[in-house]
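# Breakdown of the fold
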Amino acid sequence: MTYSITQLAALAGLSTRTLRYYDQIGLLRAQRNPTNDYRTYTAAQVDQLQQIRYWQAFGFTLAEIRHLLAQSPAQQDALLRQQREHLVAERTRLTRLLNSLDRTLAAHQGGIPMTDSEKFAAFKQQQVTANQQAYGDEARQRYGQAAVTASQHRFANLSAEAYQDMQATEQALIDQLRQVSQTQDLASPEAHRVYQLHRQWLCFTWNNYTAAQHRGLAELYRTDTRFQAYYAQKVGNPAAGRLLAAIILRYAQD
């Protein structure tokens with residue numbers, strides 16, 4: 001079946017102006033009716049427009065979508081499967097958060113009270129999911145699947161008190177690191193305290209701490225821009241992640 005530009009615009013929920021623009025920039029080339037030179041679209045182009053709409057929904061720019069459409073069908077399907085995994089994870093996160101909120105509202109109205117652990121379960125799981133998406137592959141390669149799973153399980157099962165202690169420990173770490181970022185003195189007591197606090201923070205989720213693993217994590221902090229951005233934002237210093245890495249490498253000794 002072929003569609004006119006008006007028919008396809010109505011089918012896809014777009015304007016004809018948008019489809020003409022897609023044609024002009026080479027994103028969705030229309031065929032031309034030889035009798036009147038009107039734009040027409042075949043089934044293959046309908047499928048391509050569906051792909052474009054998917055990529056737009058996932059937040060890709062038109063330039064990025066044009067690059068994606070130039071890849072092989074197998075590559076495109078692999079990328080779509082990745083996006084599906086992200087959607088499933090987001091749906092799970094929202095469902096868990098919604099359930100927790102419903103429980104909270106019910107308790108406020110005289111329903112079954114939540115335990116302290118239940119009050120924080122959704123937020124802890126949200127952190128596990130975010131860390132998994134951001135750093136899961138690297139963690140599994142460096143430490144193995146069993147260690148990563150054990151760490152996630154340990155974090156998810158922290159008591160309310162332990163979870164609050166973990167958050168407080170990280171805040172104390174950030175405060176100390178901010179001080180050292182001003183002095184740049186790695187031999188100072190404050191720098192040693194940064195190392196101690198970071199080790200203490202890790203031990204909330206690490207079953208078996210080793211200095212070698214700690215140094216391995218420091219190498220990630222030193223080279224990975226995602227960790228550097230995290231600590232730069234927390235400390236207010238763009239070099240904070242590399243500074244933390246240098247402190248760990250100095251003090252994490254066997």
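Above: the structure in question.
A few points on the structure. Quick caveat: nothing in here was measured; it's all calculated off a predicted structure.

With that settled, consider helix 4 (residues 62–69). Three or more residues of helix 4 are buried, namely Ile65, Leu68 and Leu69. All buried residues of helix 4 fall inside an arc of 95 degrees around its axis, so they share one side. Each element contacted by the buried residues of helix 4 is listed here: helix 3 (43–57) and helix 5 (73–108).

Here the focus is the nonpolar core. Core analysis: the largest hydrophobic core is formed by 34 residues, its most contacted members being Leu177, Val194, Tyr209, Tyr221, Tyr231, Leu244 and Ile247. Looking at this core, the elements with two or more residues in it are helix 8 (160–183), helix 9 (189–202), helix 10 (211–223), helix 11 (225–235) and helix 12 (240–251). Once you skip the residues sitting within four places of it in the chain, Leu244 turns out to touch Leu173, Leu177, Val194, His198, Tyr221 and Tyr231.

Let's shift gears to the packing of aromatic side chains. Evaluation of the coordinates by the stated rule reveals eight aromatic pairs. Ring plane angle 10 degrees and centroid distance 6.1 Å describe the contact between Tyr54 and Phe58, whose orientation is recorded as stacked. Residue classification places Tyr54 among the partly exposed positions, given a relative accessible area of 39%. Judged by centre distance (5.1 Å) and plane angle (90 degrees), the ring pair of Tyr230 and Tyr231 falls under edge-to-face. The partly exposed category is assigned to Tyr230, whose relative accessible area is 32%. Residue classification places Tyr231 among the buried positions, given a relative accessible area of 2%.

This paragraph deals with the packing of helix 9 against helix 12. As a packed pair, helix 9 and helix 12 sit with axes 9 Å apart at the nearest point and diverge in direction by 85 degrees. Our classification of the angle between helix 9 and helix 12 gives roughly perpendicular. When helix 9 is examined against helix 12, the residues Ala191, His192, Val194, Tyr195 and His198 are found in contact with a partner set consisting of Leu244, Ile247, Ile248 and Tyr251. Residues belonging to the contact of helix 9 with helix 12 are distributed by class as follows: seven nonpolar, two polar and no charged.

What follows concerns the environment of Gly236. Within the secondary structure, Gly236 sits in the loop between helix 11 and helix 12. Gly236 sits 58 residues away from Arg178 along the chain, and the two C-alpha atoms are 7.7 Å apart.

In total, this model carries six salt bridges according to the counting rule given. For the salt bridge of Asp37 with Arg32, the shortest nitrogen-to-oxygen distance reads 4.0 Å. Between Arg222 and Glu219 there is a salt bridge, with its nearest N and O atoms 2.6 Å apart. Within this pair, Arg222 and its partner Glu219 are both found in helix 10, separated by three residues, close to a single helical turn.

Okay, the sheet that holds strand 2 (residues 31–32) next. In spatial order, the strands read 1-3-2; together these three strands make up an open sheet with antiparallel pairing. Either end of the sheet is taken by a strand with one partner, and the two such strands are strand 1 (3–4) and strand 2. Where strand 1 and strand 3 (residues 39–41) come together, two bridges link them in antiparallel fashion. When the sheet's bridge partners are listed, Ser4 is paired in strand 3 with Thr40.

Thresholds, definitions, all that
- Per chain, the residues get numbers from 1 upward, laid out in the order the sequence is written.
- In keeping with the model being predicted, local features are shown solely for residues with a pLDDT of at least 70 and side-chain atom pairs are shown and tallied solely at 80 or more, while totals for entire chains, interfaces and linings include all residues.
- To get the side-chain values, all heavy atoms of the structure are used, and hydrogens and water are removed first.
- Exposure categories follow from relative accessible area, calculated using a 1.4 Å probe and restricted to protein chains: below 20% of the type maximum is buried, above 50% is exposed, and the middle band is partly exposed.
- Strands are runs of DSSP state E lasting at least 2 residues, helices are runs of H or I lasting at least 4, and numbering of each runs from the N terminus.
- Directions pointing from the helix axis toward each C-beta atom define the arc.
- The contact definition used throughout considers only heavy atoms, calling two residues in contact when any of these lie within 4.5 Å.
- Note on terminology: a nonpolar core comprises buried Ala, Val, Leu, Ile, Met, Phe, Trp, Tyr and Cys residues joined through side-chain atoms within 4.5 Å.
- Any Phe, Tyr or Trp ring, taking Trp's six-membered ring, that has another such ring centre within 6.5 Å forms a pair; planes under 30 degrees apart are called stacked, those over 60 apart edge-to-face, and the others tilted.
- Only the contacting stretch of a helix is used when fitting its axis, a line to C-alpha atoms as for every element, and angles between N-to-C directions run 0 to 180 degrees.
- Here is the rule for angles: anything less than 35 degrees is roughly parallel, anything more than 145 is roughly antiparallel, 65 through 115 is roughly perpendicular, and the remaining ranges are oblique.
- Under the convention adopted here, Pro, Cys and the residues Ala, Val, Leu, Ile, Met, Phe, Trp and Tyr are nonpolar, Asp, Glu, Lys and Arg are charged, and Gly plus all remaining residues are polar.
- Only one rule defines a salt bridge in this text: a Lys or Arg side-chain nitrogen within 4 Å of an Asp or Glu carboxyl oxygen.
- The criterion for strand pairing is that DSSP finds at least two bridges linking the strands in question.

Don't take any of this as a statement about function, it's just geometry.
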